[in-house]
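Topology and contacts: notes
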Amino acid sequence: MSSPTFQLDPGHNQHVNAMVATPCSSVSKSKDRQTKQAVTEQHRQDGNSYRQTETTNNPKGYSEPPDARKPNRRWSLYPSIDRQALPTLHIHRQRSYIIGRSRQICDLPIDHPSCSKQHAVLQYRLVPNKRRDCLCIRPYILDLESANGTFINFNQIEPLRFLQLFEKDVLSFGYSSCTYVLLDQDSKPQP
């Protein structure tokens, strides 16, 4: 039996596959307005929820959404245990990172018994920017129905639902005392 994957719900807008991320300042009015409308419609149609399917060609058991993109900003996770800093994790080189206990499968391993083998996914997605009239690539987190949950700013998130992450958000997984602060290249870590 193959491991479950996560596919977009039926009815997702197919125009998203053809989109290309452009900086917010260089958005052309006519073509990118249509692209922005397609992405906005996709997210209106519950584009943040996933359902499990039983077939996959992906050995990791996770399928990226069609709006997955490699980030154009240099994001990093700053882990710490009991206020003691650990080595920085640079998370800007891929479109997604699987987080969990399994070192054979996960991109970011967590060595804590309360964490699942495949606990969560950090995914970059192309989304409409509400402040500016453009599309931007933003980080999201998805809990893969872990046994003990994924937490943003010490609040447990709903499984199988993408939640957008913001600068200085604090992530934690299961009952691990290790916390991860999300910062980008322009942020300054606090002492």
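Residues numbered from 1 in each chain as written. Predicted model: local features only at pLDDT ≥ 70, side-chain atom pairs only at ≥ 80, totals over all residues. Heavy atoms only, no water.

Our next topic: the nonpolar core. Counting 23 residues, the largest nonpolar core has Ile91, Leu122, Ile141, Leu171 and Phe173 as its most contacted members. Only strand 6 (96–100), strand 8 (120–129), strand 9 (134–143), strand 13 (170–173) and strand 14 (178–183) provide two or more residues apiece to this core. Considering each element in turn, this core owes the most residues, four residues, to strand 8. Once residues lying within four places of it in the same chain are set aside, the contact partners of isoleucine 141 are Ile99, Ala120, Val121, Leu122, Thr150, Ile152, Ile157, Arg161, Phe162, Leu163, Leu165 and Phe173. Ile98, Val121, Tyr140 and Phe162 belong to the second-largest nonpolar core, a separate cluster that totals nine residues. (Core = buried A, V, L, I, M, F, W, Y, C linked by side-chain atoms within 4.5 Å. Buried < 20%, exposed > 50% of the residue type's maximum accessible area, 1.4 Å probe, protein only. Helix = DSSP H or I, 4+ residues; strand = E, 2+ residues; numbered from the N terminus. Contact = heavy atoms within 4.5 Å.)

A few words now on the sheet that holds strand 8. Sheet architecture is open: five strands sit in the order 7-6-8-9-12, paired in mixed fashion. Either end of the sheet is taken by a strand with one partner, and the two such strands are strand 7 (108–109) and strand 12 (163–164). (Pairing = 2+ DSSP bridges.)

Our next topic: unusual backbone geometry. Positive phi values are uncommon outside glycine, yet phenylalanine 154 reaches one of about 70 degrees. Note that phenylalanine 154 resides in the loop between strand 10 (150–152) and strand 11 (155–156).

All right, on to the packing of aromatic side chains then. One pass over the full model with this rule turns up two aromatic pairs. Plain terms: the ring middles of tyrosine 140 and phenylalanine 162 are 6.1 Å apart, the flat faces sit at 90 degrees to each other, and that makes the pair edge-to-face. Placement of the pair is tyrosine 140 in strand 9 and phenylalanine 162 in the loop between strand 11 and strand 12, with a sequence separation of 22 residues. An identical accessibility class is assigned to tyrosine 140 and phenylalanine 162; each is buried. Positioned over the ring face of tyrosine 140 is arginine 125, at 5.2 Å from the centre of the ring. The ring of phenylalanine 162 carries the charged tip of arginine 125 above its face, separated from the ring centre by 4.5 Å. (Phe/Tyr/Trp six-rings, centres within 6.5 Å; stacked < 30°, edge-to-face > 60°. Lys NZ or Arg CZ within 6 Å of the ring centre and 35° of its normal.)

Next up on the list: the pairing of strand 9. Two faces belong to every sheet, and in a regular strand the side chains alternate between them. With ten of its ten residues buried, strand 9 lies for the most part within the structure. Here strand 9 shows no split at all, with Cys134, Cys136, Arg138, Tyr140 and Leu142 on one side and Leu135, Ile137, Pro139, Ile141 and Asp143 on the other all buried. With ten bridges joining them, strand 8 and strand 9 adopt antiparallel strand pairing. Across the sheet, residue glutamine 123 finds its bridge partner in strand 9, namely tyrosine 140. Between strand 8 and strand 9, which follow one another and run antiparallel, lie four residues. Here strand 9 pairs with strand 12 via two bridges, running antiparallel. Bridging across to strand 12, tyrosine 140 finds its partner in glutamine 164.

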